[in-house]
Structures are given as structure tokens and as C-alpha cells.
4 protein chains.
Amino acid sequence: MSSSFGKLLKISVFGQSHGAAIGVVVDGLPAGEAIDREELQAFLDRRKPGKSPLSTARREGDIPEFLSGLENGVTCGSPLCAVIQNSDQHSGDYKALEQKPRPGHADYTAWVKWGGQADMRGGGHFSGRLTAPLCLAGGIAKQILARRGIFVGAHLHGVGGLTDLPFPEDVGPELFREVAAKPFPVIDDGAGERMQGAILRAKEELDSVGGVIECAATGLPAGLGDPMFDGVENRLAAALFGIPAVKGVEFGAGFSVAKLSGSENNDPFLLKDGEVVTGSNHAGGILGGITTGMPLTLRVAVKPTPSIGRPQRTVDLGTMEETELTIRGRHDPCIAHRAVPVVEAVTAAVLLDLLLEGNHGTF
Amino acid sequence: MSSSFGKLLKISVFGQSHGAAIGVVVDGLPAGEAIDREELQAFLDRRKPGKSPLSTARREGDIPEFLSGLENGVTCGSPLCAVIQNSDQHSGDYKALEQKPRPGHADYTAWVKWGGQADMRGGGHFSGRLTAPLCLAGGIAKQILARRGIFVGAHLHGVGGLTDLPFPEDVGPELFREVAAKPFPVIDDGAGERMQGAILRAKEELDSVGGVIECAATGLPAGLGDPMFDGVENRLAAALFGIPAVKGVEFGAGFSVAKLSGSENNDPFLLKDGEVVTGSNHAGGILGGITTGMPLTLRVAVKPTPSIGRPQRTVDLGTMEETELTIRGRHDPCIAHRAVPVVEAVTAAVLLDLLLEGNHGTF
Amino acid sequence: MSSSFGKLLKISVFGQSHGAAIGVVVDGLPAGEAIDREELQAFLDRRKPGKSPLSTARREGDIPEFLSGLENGVTCGSPLCAVIQNSDQHSGDYKALEQKPRPGHADYTAWVKWGGQADMRGGGHFSGRLTAPLCLAGGIAKQILARRGIFVGAHLHGVGGLTDLPFPEDVGPELFREVAAKPFPVIDDGAGERMQGAILRAKEELDSVGGVIECAATGLPAGLGDPMFDGVENRLAAALFGIPAVKGVEFGAGFSVAKLSGSENNDPFLLKDGEVVTGSNHAGGILGGITTGMPLTLRVAVKPTPSIGRPQRTVDLGTMEETELTIRGRHDPCIAHRAVPVVEAVTAAVLLDLLLEGNHGTF
Amino acid sequence: MSSSFGKLLKISVFGQSHGAAIGVVVDGLPAGEAIDREELQAFLDRRKPGKSPLSTARREGDIPEFLSGLENGVTCGSPLCAVIQNSDQHSGDYKALEQKPRPGHADYTAWVKWGGQADMRGGGHFSGRLTAPLCLAGGIAKQILARRGIFVGAHLHGVGGLTDLPFPEDVGPELFREVAAKPFPVIDDGAGERMQGAILRAKEELDSVGGVIECAATGLPAGLGDPMFDGVENRLAAALFGIPAVKGVEFGAGFSVAKLSGSENNDPFLLKDGEVVTGSNHAGGILGGITTGMPLTLRVAVKPTPSIGRPQRTVDLGTMEETELTIRGRHDPCIAHRAVPVVEAVTAAVLLDLLLEGNHGTF
């Protein structure tokens, strides 16, 4: 198992959904960075369930306790550990499922990997709940980046067949803030309402829906990242696939490049206020794995919540017979909108790591 | 810069397009593995240019020389180094471009990163030519995997708006072999002809087209990979984005999950010959970052060749004035079909690394 | 900062001496391993201060709380986090010192590195107190190894000019247990009494003494470790130098090889019960970075406690003037004997990591 | 196997003693650094055998060929690969030994690890010959460091029971240069002659002797390195134990700390020309894993050449019977003096890596 990532900024996530606590160690934060606890809490609250009929009824306090790494609210250079106590679990709901792997969940692969020893109550370490410590780490990264004029924001780009407006070319912190303040994180509220309708419809049908999240980062210097296997795309993708339920990651024009010609996809270089910019940004701010200085843009595909209320076919791993299961308990009919701040968090953490590394291309 | 990847199997790629040689060090290959040189050469030849009007006229011998790691054609446990001499470069073609970054290429970001010191003749270290050593490493991995009943194959899934048939659910080594033997790597030759038409049309228009590659691996045991940041998806994506021009990576249903309901996307667990299988494979053989034992499937988006014959806008970095450039030299109107074995190679290398690591979930 | 180590078993330590808590995340423990809490506590107690006049009067409870990674006392495959609350700190004792770096401590280098922002109360993250979470991780590793017949033990090899008996060639678990049960961890109690005398004498003189710890591991299979930079010695040394105050690490005959001839130092290969063994063990169980199957032996040099009661010369970093300081507070006249279990812990953790990796030389 | 090390500067060594070639890939060198080939060759020549009766008669050309990473003799940012062809091997000398592991060599452990498949002719990948590519990488690092006022030098500190003068407290580039220019790398030529006498005596007796090498680096800024497991000591030790035959590594006062009191060992902080310095340097320039700005000093123990001309006891792994072997072929009666530039090389490479990483303690 390796629930950690990062090179100079190392983030190590721990906890099971129904264990004593979940948390994160962030090793490598620069010293002297004040952490705005209120702002951090507001960020954490963006992924919180229980805000609307769209989400699970489980109420999570999610008030982090800082065990290390801060002195008087300022980073002190040593690893920061923050912990969120678990509570309000109804493990009983899950006990019956233990030998019957839920389709679309990691129950079966965990059973194979850990020989039936995994604590899979509530999804265990695979639970979406583990994105709370990720948001903790990423929320801190976001504050540190923002002080350097680097802003990271995301929105729900699509749910079902419905889509939001994409981020505009001049995307920036104001739009990020605006979207973040909304109860449903979209640019176009009309589209947002239609999406919410689709989610509620899925709920009524004891079903769920997937979605796509678009994320952007502005203010990045050109020259970050390295060619081939240590580029910005490699490192972001490696981390983003760590968010439960992510099945695809694309940058800039992404998969639509297959339909573009070179003359359409190439971004011409221009001058703007004496700086080199590109006229379009199909590259998503990255060429050869290295930042161009244009906004970094990426999209992440999030699968429909695998927990649905309908009966599903599975295998009883005890008796090795085919059987059926119906998941009761609480679950979200869609997790994509709740994953929006998580994508921001992971993106911010990777970017801060890259930034700490600096541009060591010359010396 | 970090042109290396892997945990127990470390692959380190070196070389510039117009330097003395390109090559690869593969550290961690198990000992006692015979390398079939003929089969390896045939694999390398699949990415070779100059086979048809679809590709650049540059002729590459690409006969690797093995400097270490073998004794009598069998791996001996110490790092394998293989080198391919460069020849037939026309650096003159590129000299004029040095201060004028080509849109869609890494010229500008390399210029920023290495302060104008990068050797960018022919794309330098960013050149598609560097995929030859990747195929060397991956071709060896493929042979080692095949001996264990694990097969990796890929095909051109789409070019422009045109698409091949997807891999069928019962994809396996025969189909892989069949596609690999074709001059144009598709399942449906009719679709292949239409794609080739689109590529030739782009060439005539001094333009280029992008594409999507689908790759699959069969015979993998369940239980490989780790949750969160060290899963099969994380590691494959991190490596696949190291292939030049890749802008998106998705697994199983990938981005289409956004349009699926949970009841559609969830793969029911069934028994087949006493083994747990899934009835469908939207998961692409991976749940919670860990292999299910079903075929691993992924798709990779490859952007249109940035080198096109049309005049393009750029900035002269010497005078800092906007200007125009027209790329002469040789270049492919599409690189996606040539990237098919490269995707296989990178996938095989990552899978062998995972396999060497074994399933250390229990002890 | 990187307070973590390990490849498949990743250990990440956090906390400051006078912060809220210290702790450790252990990522990669195999599932299904029962942890004997009593045995673990007994191991932790071996490094505890306050047992005798030899140690600081600071009383530490050091009762770990497990936040994750266990279900019913058995490892469940997900990262284990254990936390020890801090208490009984007298930060006031240290406040005056902040601008006056203590000779032999990391105060000055931390001040340079973190621009005066480091939390150095009680030594902060550099404090010997951080060896408690190391012992937690290592104590768990020891239990898992012991179940496989691999035992790790250590003793105080020397203090001042005085030395204990070295481990005998047939060192094994009984001797480890015997030494571990003693209040002062030596083989020869007479030597131990003389050492304690030297420590008490140093205390009376407001001074301190250094020491050497010898550690051995038995039951290791041959074939662990890799040549050059990933050998058993490389990995052990990299981790052992992470123990505060360690200034030297040697294996087998170590530095005394300089005085040996090849005919003396070479260990002849012999057969014993059909197994290949060596007649002597100057190699310390490692040849070419790889285990021979003989006992692994190493020694670690621990410098005298830098905190001494005598006036010392230093520089006031506020006024940039030379000055004098006298450290009050509590401090041990020797830390080498308390570091004995820490050396065992780090050694056990590295060995378990190597063992999980297995011998992937062939496949 | 992992014959690579480094974080931002990655060094990957390949080759077997009697294979086609040996070499190194250096990934992460800053661009724009001219490499003085003559100076590099002079550095490589320092480890060359065949200079005197002290060394093996094997003549090695050791003229490296650069395959990548340079343009017009200047680093261009992409991975540098340099290769040295092998020649003048007499593999026949070794053939008889294959099933009879030589005491003190890695023959037996390699046989276990790679199931008898390792290419161990001439020591294979474990051969001291592999230190040539290390010197290549380190020699380049030395040139880059020297341009920043950072100098690395070493001398033979002892052989048998005989010792050279230690480096003086004001050690610096002049003394480094002086020692490097000598045919036998010592400070005190009288001691050097006595050492050479001991080596020749060992040779006559068909035996060998070990030694200790002292290395220092001057001009380092304070603040490099990180606490606990990523400190300067951890990283240097991990790399230095990769040099064949190294059995111990110590920093500053090293193992002698066991005999020192705190009041002796602590280095008082003083001011010199307005800069904080220490009055002595028992810390070897490192406190808490972080550089103090004082000279970094370390010592490395090198075991006696295991290849000796005397009959030795071993086991025939084919018949599994005890037997005797006498190594013929060529071998050095001492390798410690030839390892002096190797220790410099590895130290320089690690220091350049640390320097590229910079001091990211604050931001």
C-alpha cells in the first residue's frame, strides 16, 4: 500500500472510514506560512456531505485537530499532522456485506489483496471519506500558493449527459471564488439546476450518476516540471487517480485532440505586454511536460457512486456461490460535485511540490 | 529532469534526436530471461517511420546494441543498457528555428527551463525518436510477461472523428498478434482505410491529425497494485503521460462514466469456472487501484503532430517580436498509429514492475 | 524535510518535542498481523527516560493511541497511525535559549534552514523524543519478523573508553531477550556497572558521554538486498543516520577492516547441516549489499548528549554577538543506552521492508 | 537491483566487468555547464590501475564516450550518458571459479539472488571497475561544484595500522589539489611510503590490506539537508555504501565520539568576519542532518581486497562439497588508495544533488 505522494512535499493519508480517526501527514511544508483556519474549514466544508438532499445523510464534523507542524498557527518546518475523529458511523449497516463484494467497490480486490483481513467497513481506507484529509493538505497548499499569486479552482463540468460552461480562457481567482461560494459548484446555474435534477432523479430510481470535473490553475510561472516521466501531467495524473472513483484524466484539449487537426490544436505564440503567451490554450498550459505560463487546465472523470439501492448480482466469497445483494446504508447518488474541492486540493498539493522544487534546469 | 520511472524495475531513457545515440537503462530485470532478438526487432519495427506515405521519410536503422545486462542473450540480473546510434539527421533543417519556438512543441518551455541551453535539434530529448528506447525496454518486458501468460496489445482506436472497433470483451493474445502484424494497427480494416485516408488528406493540406490508442492486458492476477496513490491506474498514467504528445489517459469506461448510471457502470460479480469474474468490465480491470483479474483496458489521447507545413505564428525569442515560421524538414501527418507499440511498451513495463513487486498485502 | 523512509514499508514520523503530540504513520504493513500491545509497550518502555539517576527526570507516559491500520488489534492493510500525546513539558526552560544556539544541537542549522520559524522548544522535531514513534514502528516490525524466525537485538557496546563484550558468533534470540530484560542493556554486567559509573561521573561533572551500540539480526534468508545503491548496508545506514546523534555506522568488521589483511578478513565458505555458511563473519552477514544468511551485525556511534550543564560559548543570533549560555532544564548525561532499542527498531523496520520486497532477482 | 541513486540528480550505473561496456546515465544535470574533458580524464586517471606495482596489471583505457546530454561540450539539460568500452579482459581466468564462490566477494550472494544466472566474470556488476562510471558522474559534479566555490577532496587516511595526517581544520582546495596530484594520495609522504611498503609486503605474501579514506568538502552553504531520514549524512552514507568494499561510514568525530565527553565534542559557536562558525568541527559540518557551513568531513572504511593469491576454503555449489580455491588472475593487494577519487566522486554527486534541491525550508 502506498497512500502517499509527492517529492519534496510528501503527503501521507491514513485512516479507515469506520476507524478511530482519519488524517494526513504533510512533510515538507515551507516554514513561516500562517494557516487561516477559518478559510481552511470553509474549504473542507465544500466537500462535506449532508448539505442537501443530493448527499448522504451522514453528518461529519470534520473539524481537524493539528498534532504537529504548527507553532502559533504558523508552519514551523516540521511535518504537519492533522487528524479528524470519526463518529456517526453505523458499521452495522455494512457487516452483512463483508463476504459479498459490492459491484464497483474495492471490496473484492481488497479481499484478494489482504486475504480477507482488510477493514472494509464503510469502504475502509478506500472510502470517499479519505478525501477529507486530502482536502486538509490541499487546502493548506492552496493558501500558500495564493500568497504567491497562484490560484486553483474547479467546477462540475458535467453530470450524466449534461454539461456546464467550460472555464473561459481568462479564467482566474474571481471565478474560482464565485463557483466555490455556490452550494452547487457550477459556472452556469441553469445547467447546475438541470444537473441537480438528474442527480435527484437517479436517487429516486435507487441509482447514481457520474460526472466530470474541470480544474484550472492560474499564475504559474513557465518552466515548472520536467520532460518525459516527471512532467506536470505525469505528476498530476499520478495523484489525481488517487481520488476514489476517478477513471480518466486529461489536460487541455484532452481526448478531443483526436478530432482536431494540428493547425487547430497548435497554440500560436504571441506577445502580450512583452510576455510570451499563446493565442489559444489547447495545451492546457503544458508543453513537453513543462508549464508554459498559461492557465493549467485539466479534467477528471468520476464514476457514478457504486453504492446504489437496487439489487445487484455478486458472489458470496464464503460459500463461493452467486448471489444478490442490496446495499442499504446511506450513500450519495452522485459524488462528482463533492469531489470538486478534492480535485482542487490534489492539484494544489502537486503544484506546490513542483514549485518548491523550483526550476533547477539551470543553476 | 527525470526521464526515468519505475519502482523495482527502473527504466531510464537518454538521448537527443540529433545527438550521438539514444538508449535506455533497464535496472531490475529478473535474471534468467532469454531475450528473443528477432521478436524484439519486429516489435521495434512497428514504431518505425518510413514504412508508408503516412510517415516521415527519415529512415532509422534502430538496431539496438546491448552494452550490459545480458550474458549469451539471457538477462543476468545487472542493469541492461541498450543503445541505438543516431544517423540520417539533417540538423540543418532545424537550425533556423532555434529562436522561433514551434507551436505545440516543447521548444519554448525548454528555452525557459534550460535558459536557451537545451539541444532542441529535431526536438532534442522531447523527440518522438525517444520512444524507440522505450519500446526496447517495453519489448523486453512484453517477452517476460508473455512467458507468464500475460499479454499486452493495442490498436489505433480513432483518428480524426473516425473510430475502429473497440477491443471485444474476450480480447486476448490472438487479436493482439493479428493487429500487430498489420501495416496499419486497427481491428477493422475498413475503418483503418478511412483513417489512412484522413491522414493522407491532412498531409496534402500540410496539416496533421490526432488519435486515440486503446490498450489491453490480459492474464493479470487479481491483487496487483495499491490503494490511493500507488494503484495500477496511478502508475500507468504517470508513465503513459511520458509518451510525447499524450494529453489524456482513461481506464475502462473512462470519461464516458459521466454519462452512465451506477446500475449501468457497476460490473456485477459472477462465477466462471469457479473463478470470480465480472459480467461487464467498465472498471477496465481495476477497482480501488487494484487489479480484478479481468482484462486491463485503457485509452490514451495523442495530439496531432505539432509539426505542420503551414505557416504559423510565433515569437522570435532573440528579438522578442512576433513573427511567422514555416516548418520544413520531415514530419509525420499523424503519430498516433506509430505510438501504438509505444503504449504497449510503457504498459508492459509498468505491469512487469507491479508484478515483480508481487502482492505484498499479506506475508 | 523528509522525516520518512522505506520503499514498500513507508514510515513517516511527525511531531515536535513540545507540540501537542508525536506519532508515526506506517504504510505498507502486511495485513493479518496481530500486534501484541503488551510486548510493544515493554519495548517502548526500554527507551523511556526516568528509570534511573542516569536519565532525565522528565516522565513520559508514552502510551500510544492507534488511530488507524488495526481492526481488533490486527493489521488490516491500511496505513497504521499511532500517536503519543505530549505532556509534562517545561517549555519555559527553553525559551531563553531561542536566539542562542546550543552547541552540538540543531538549533543553529534549523534557524538557518527555516529562517527562525522552526519550533525548537525542547529540540523540536530534532528531539530524541521523536525516537518514541520510531520505536513504535520498529516494535511492530520486530513482532512481525519474530513470527518468521527473524530476531533483532542490540546492546550497548561501549561508553567512554569502556566496552562490553561483543555479540558472540552464535548470537540469537535468547541473548537478545536477556539483554533487553536488563535495566542497563549490556552483555557483561561488570562492564555495565563501570559504564554506569562513567555516566554518573559525567553527570556530576555537568558533562555527558557518548557510546557505541551493536545490533544484530538473525534468521535472515540469503539473497535480500540489491547491489550498489540499494543494498542492505545502504538502506540500513540511510535509516540509522536518522536517529538523532548518530555519527557513524559500520557493518561486520567495520572500520577495523583497515587493520586486517585479506586472509584474515575474508570469511571462508563452509557447509553446516548441508547449508552454506561462513566460518567467520567479518562481512556482518552482507556481501555485495546482499545478505549471506549469516547474522547481520552493525555498530552505530552515538555522540555525547550535547545538552550539558556547563557554560558554553555561542553566538546571540539576534544581536550577532558572541556570548555564553548555560543549559538548565533536564537532560541525560548519556543517551547511548536509551538509543539501544531505537537502533533495534530502525534495523527491524528496514529489514521488514527488504523482506516484503522479497528476492525479485529471479521471477 | 538498483544501481541508481539521487533525487533531483539521478545517477544510474550499468555494466559488467567483462561485458561490452560500462557506463552511467546522469539525469538532472543543470544545463549550460561546460565539461572540461581534460580535467575529467585526469580525475578518471586517478583511480586507474596499472600505474605502479601496487595495482593490478590490467590496463584500462577508460576513455569515456559521451552519447547524450552534451552539445558542443556543454550540458544541454537532457540526461547525460557516457560509456567506457571494456577491453583487455581475460575471462578465462575466472571461468573455473564460477561454482566456487570466492570468500569476501559477492559470488555467493549473487548466485543465491539470481539463481546462478548472474554474469560474475571478473566480479560482474560488483566489480571495482564499476567505479569508473561513478567517477565520470562525480567528476562532472566536481567541476560544477567548483564553479560555485565548493571543493571536494580526499586522501588515504590509513592502511593496515598506519595512518596519514588527518585533514587540517583549514582544509581547502589547495590541499585537495596537492594530494590529487600525488601518485599516492596522502598528505604526509613519509606515511605514504610506509603505507606503500605495507601494501607491497601484503602482495609478496599473496595477501591484501584494507584502509580508510578521509574526504572533505568546503564552501558548502549552511542549511542544506533535511532532518531525520533525508539529512546530508543519510544521503551520503546511502551512496557511499554503494562503493564496493565499503564497510563503514562516519562523519566528523565519527566513532571516536564514544570516547569524548560532551564538553569536548560540542563545537562552540563563534563569530568570524561576521559569520557564525564553530570553534572546532567534531560535527563534521553537519548538525541535525543539516550543513553548518563548516567543512563537511567523513571517513570511509574499505576492506582488504578479497581476491588474494592464497588458497582459501570454499564450497563447490555444483556438488555442494567443501573445497579449496586459489584465485589466479590479476588483483590489487589494496584498493583503498584507488578508491580515494571514487569517494570524492560519490560525495560530489550527492552534494550537487542537495545543492540543486536548494534550501526549500522557507519559500
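Residues numbered from 1 in each chain as written. Chains lettered and ligands numbered in written order. Predicted model: local features only at pLDDT ≥ 70, side-chain atom pairs only at ≥ 80, totals over all residues. Heavy atoms only, no water.

(A) Representation of the overall build of chain A in the model. When its secondary structure is counted, chain A shows 9 helices and 18 strands. Rg of the C-alpha trace for chain A: 21 Å, near the compact-globule value of 21 Å for 363 residues, within the 12% margin. Each principal axis of the C-alpha distribution contributes one length, and for chain A these read about 70 × 50 × 35 Å. Scored against the burial criterion, the 363 residues of chain A give a buried share of 69%. Taken as a whole, chain A presents about 11100 Å² of accessible surface, with 51% of it coming from carbon and sulfur. (Helix = DSSP H or I, 4+ residues; strand = E, 2+ residues; numbered from the N terminus. Rg over C-alpha atoms; globule rule 2.2 N^0.38 Å. Buried < 20%, exposed > 50% of the residue type's maximum accessible area, 1.4 Å probe, protein only. Areas by Shrake-Rupley, 256 points an atom, 1.4 Å probe, with all protein chains shown as cover.)

(B) Seen up close, the sheet that holds strand β4 (residues 65-68) of chain C. Residues and elements named next belong to chain C. One open sheet accounts for 5 strands, arranged β1-β2-β3-β7-β4; its pairing is antiparallel. At either margin of the open sheet sits one strand with a lone partner, and together these are β1 (4-5) and β4. Sheet analysis places strand β3 (residues 21-27) next to strand β7 (residues 80-85), joined by 6 bridges and oriented antiparallel. The partner of V26 across the bridge, within β7, is L80. (Pairing = 2+ DSSP bridges.)

(C) Examining the pairing of strand β3 (residues 21-27) of chain D more closely. Residues and elements named next belong to chain D. In terms of burial, β3 is a largely internal element, 7 of the 7 residues being buried. Across the two faces of β3 the burial is the same, with A21, G23, V25 and D27 and I22, V24 and V26 all buried. Between the antiparallel neighbours strand β2 (residues 10-15) and β3 lie 5 residues.

(D) Just the interface of chain C and chain B, in detail. Facing 15 residues of chain C, the contacting portion of chain B comprises 15 residues. Buried area between chain C and chain B, both sides added, is near 1400 Å², and the carbon and sulfur share of it is 66%. Ranking the residues of chain C by area buried against chain B places C:L8, C:H360 and C:F363 at the top, with a combined share of 48%. At the junction of chain C and chain B, the tally comes to 0 salt bridges. (Contact = heavy atoms within 4.5 Å. Buried area = accessible area lost by both parts, 1.4 Å probe. Salt bridge = Lys/Arg side-chain N within 4 Å of Asp/Glu carboxyl O.)

(E) Broad picture of the state of the cysteines. Enumeration over the complete set of coordinates arrives at 0 disulfides over all chains. A disulfide-free cysteine, B:C81 has its sulfur positioned 5.3 Å from the sulfur of D:C81, the nearest such atom. Residue classification places B:C81 among the buried residues on the basis of a relative accessible area of 0%. Not engaged in a disulfide, the cysteine C:C135 finds its nearest cysteine sulfur in C:C215; these two sulfurs lie 12 Å apart. According to the relative accessible area criterion, C:C135 is buried, its value standing at 0%. (Disulfide = S-S within 2.5 Å.)

(F) Here's a closer look at the relation of the copies chain A and chain B. Superposing chain A onto chain B takes a rotation of 180 degrees plus a shift of 0.0 Å along the axis, which leaves an RMSD of 0.0 Å. Such a combination of rotation and displacement between the chain copies is what one expects of a two-fold axis. Interface overlap between copies: 100% of the residues of chain A at the interface are likewise at the interface in chain B, consistent with a symmetric, same-surface contact. (Least-squares fit on C-alpha atoms with pLDDT ≥ 70 in both.)

(G) Layout of helix α5 (residues 173-181) of chain A. Residues and elements named next belong to chain A. Those residues of α5 that fall on the buried side of the exposure criterion are P173, L175, F176 and V179. Projected down its long axis, α5 carries its buried residues within an arc of 160 degrees, all on one side. Along α5, the residues that are exposed and aim more than 90 degrees away from the buried face are E174, R177 and A181. (Arc of directions from axis to C-beta.)

(H) Structural detail: the interface of chain A and chain B. If you look at the interface, chain A gives 101 residues, while chain B gives 101 residues. Taking both partners together, chain A and chain B bury about 7900 Å²; carbon and sulfur atoms supply 66% of that area. Remark: the boundary between chain A and chain B carries 2 salt bridges. The residue A:K247 makes a salt bridge to B:E233 at a minimum N-O spacing of 2.8 Å. Linking chain A with chain B are 42 residue pairs in polar contact (both at pLDDT 80 or more), by the criterion used here. Element by element, the count of residues in the side of chain A that touches chain B is highest for strand β11 (residues 246-251) of chain A, at 6 residues. The residue inventory of the side of chain A that touches chain B, partitioned by class, reads 49 nonpolar, 36 polar and 16 charged. (Polar contact = N/O pair within 3.5 Å; in protein donor to acceptor, adjacent residues only side chain to side chain. Nonpolar A, V, L, I, M, F, W, Y, C, P; charged D, E, K, R; others polar.)

(I) Broad picture of the relation of the copies chain C and chain B. Laying chain C over chain B is done by rotating through 180 degrees and shifting 0.0 Å along the axis; what remains is an RMSD of 0.0 Å. Taken together, the interface assignments show that 100% of the residues at the interface of chain C recur at the interface of chain B, consistent with an identical surface on both copies.

(J) How the structure looks around the pairing of strand β11 (residues 246-251) of chain C. For β11(C), a buried count of 6 out of 6 residues is recorded, marking the element as mostly surrounded by other parts of the structure. Alignment of β11(C) against strand β11 (residues 246-251) of chain D, held across 3 bridges, turns out to be antiparallel. If you follow C:E250 over to β11(D), its bridge partner there is D:G248.

(K) Fine view of the side chain of A:K247. With respect to the helices and strands, A:K247 occurs in strand β11. Among all residues touching A:K247, those that are not within four sequence positions of it are A:F241, A:A301, A:K303, B:E233, B:V249, B:E250, B:F251, B:G254, B:V257, B:H282, B:A283 and B:I286.

(L) The confidence of the model for chain A, seen in detail. When pLDDT is averaged along chain A, the result is 93; 94% of the residues meet or exceed 70. Predicted complex, confidence summary: ipTM 0.96, pTM 0.96. (pLDDT = per-residue confidence, 0-100.)

(M) Region of the structure containing the pattern of salt bridges. The full count for this structure, using the stated rule, is 88 salt bridges over all chains. In this structure, A:D332 and A:R338 form a salt bridge, with 2.5 Å as the shortest nitrogen-oxygen distance. You'll find A:D332 and A:R338 in the same group, each marked buried. A salt bridge links C:E33 to C:R148, with the nearest nitrogen and oxygen atoms 2.8 Å apart. Here C:E33, found in the loop between β3 and α1 (37-45), pairs with C:R148, found in the loop between α4 (131-147) and β8 (151-159); they are 115 residues apart in sequence, far enough to count as distant. According to the relative accessible area criterion, C:R148 is partly exposed, its value standing at 30%. Connected through salt bridges with shared partners, the residues A:K7, A:D230, A:R235, A:D353 and A:E357 form a single ionic network.

(N) Layout of the environment of D:L270. The residue D:L270 is located in strand β12 (residues 269-272) in this model. With a relative accessible area of 16%, D:L270 lands in the buried category. In this structure the C-alpha to C-alpha distance between D:L270 and D:S280, which are 10 residues apart in sequence, comes to 9.8 Å. In this structure D:L270 touches C:R313, C:V315, C:E322, D:E275, D:V276, D:V277 and D:G279, once residues within four positions along its chain are discounted.

(O) Spotlight on unusual backbone geometry. Phi at C:D273 takes a positive value of approximately 50 degrees, unusual for a residue other than glycine. Residue position: C:D273 is located in the loop between β12 (269-272) and β13 (275-278). Judged by relative accessible area, C:D273 falls into the exposed class, the value being 76%. Despite not being glycine, D:N72 has its phi angle at roughly 55 degrees, a positive value. Mapped onto the elements, D:N72 comes out in the loop between β5 (70-71) and β6 (74-75). Taking relative accessible area as the criterion, D:N72 reaches 75% and is therefore assigned exposed.

(P) Local environment of the packing of helix α7 (residues 232-240) of chain B against helix α9 (residues 340-357) of chain B. Residue and element names in this part refer to chain B. Taken N-terminus to C-terminus, the directions of α7 and α9 make an angle of 140 degrees; their axes are 10 Å apart at the nearest point. Accordingly, the angle class assigned to the pair α7 and α9 is oblique. The two elements α7 and α9 cross, and the hand of that crossing is right-handed. Only V343, V346, T347, V350, D353, L354 and E357 of α9 make contact with α7, whose side of the interface consists of V232, R235, L236, A239 and L240. (Axes fitted to C-alpha atoms, helices over the stretch in contact; angles between N-to-C directions. Parallel < 35°, antiparallel > 145°, perpendicular 65-115°, else oblique. Left-handed = near helix turned anticlockwise from the far one by under 90°.)

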